[in-house]
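Report on the structure
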Amino acid sequence: MSDYIHCPSCPKGKAYSFRKVDKAEEKYIATVRPAKDAPGYFRCQGETAAGQCLWVQPRWNQGKGFRLPPQFS
């Protein structure tokens, strides 16, 4: 995803790049969301004090987004 969009987990006032989730992230998402939807998720590339942002969402659908567990930092 080359689009830059607002991330609800990162500092406000800046748009962040999102990338397609990797296989491990996709596998986890399939356990908490419908498995058929997991490949359509994207992850924020922002950096937080704890490491890489954990926010994932379907492309352009922030309402269905959520934070990955800390082991994905």
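Calculation criteria
- Think of each chain on its own: its residues are numbered from 1, step by step along the sequence as written.
- Totals for whole chains, interfaces and linings use all residues, but because this is a predicted model, local features are given only for residues with pLDDT of at least 70 and pairs of side-chain atoms are given and counted only at 80 or more.
- Note that water and hydrogens are dropped before the side-chain values are worked out from all heavy atoms of the structure.
- A residue's pLDDT is the confidence the predictor assigns to it, expressed on a 0 to 100 scale.
- For the purposes of this entry, the term helix denotes a DSSP run of H or I that reaches at least four residues, the term strand denotes a run of E that reaches at least two, and both are numbered from the N terminus.
- When a carboxyl oxygen of Asp or Glu lies within 4 Å of a side-chain nitrogen of Lys or Arg, that pair is called a salt bridge.
- Summary of the burial criterion: residues with accessible area below 20% of their type's maximum are buried, those above 50% are exposed, and those between are partly exposed, where the area comes from a 1.4 Å probe applied to protein chains only.
- Working definition: rings of Phe, Tyr and Trp (its six-membered ring) pair if their centres are within 6.5 Å, and the pair is stacked with planes under 30 degrees apart, edge-to-face with planes over 60 apart, and tilted otherwise.

Remarks on the confidence of the model for the chain
Put simply, the chain has an average pLDDT of 91, and 97% of its residues get 70 or more. Model confidence for the chain, summarised as mean pLDDT per element, is weakest for strand β4 (residues 47-48) at 80 and strongest for helix α1 (residues 23-32) at 97.

Overview of the pattern of salt bridges
This model, assessed by the stated rule, comprises 3 salt bridges. Residues glutamate 25 and arginine 19 are paired through a salt bridge, measuring 2.9 Å at the closest nitrogen-oxygen approach. Overall, the relative accessible area of 23% leaves arginine 19 in the partly exposed class. Overlapping salt bridges bring together Arg19, Glu25 and Arg43 as one network.

Some details on the packing of aromatic side chains
Per the counting criterion, the structure on display carries 2 aromatic pairs. With a centroid separation of 5.6 Å and an interplanar angle of 55°, the aromatic rings of tyrosine 28 and phenylalanine 72 are classed as tilted. Taken together, the positions of tyrosine 28 in helix α1 and phenylalanine 72 in the segment after β7 (66-67) put the pair 44 residues apart, joining distant regions of the chain. Looking at phenylalanine 72, the relative accessible area reads 17%, which means it is buried. For the ring pair tyrosine 41 and phenylalanine 66, a centre distance of 6.0 Å and an interplane angle of 65° mean the geometry is edge-to-face. Taken together, the residues span a long stretch of sequence, with tyrosine 41 in strand β3 (residues 41-44) and phenylalanine 66 in strand β7 at a distance of 25 residues. Here tyrosine 41 and phenylalanine 66 have matching classes, each one buried.

Here we look at the environment of phenylalanine 66
Taking relative accessible area as the criterion, phenylalanine 66 reaches 11% and is therefore assigned buried. It is 9.4 Å that separates the C-alpha atoms of phenylalanine 66 and serine 9, two residues lying 57 residues apart in sequence.

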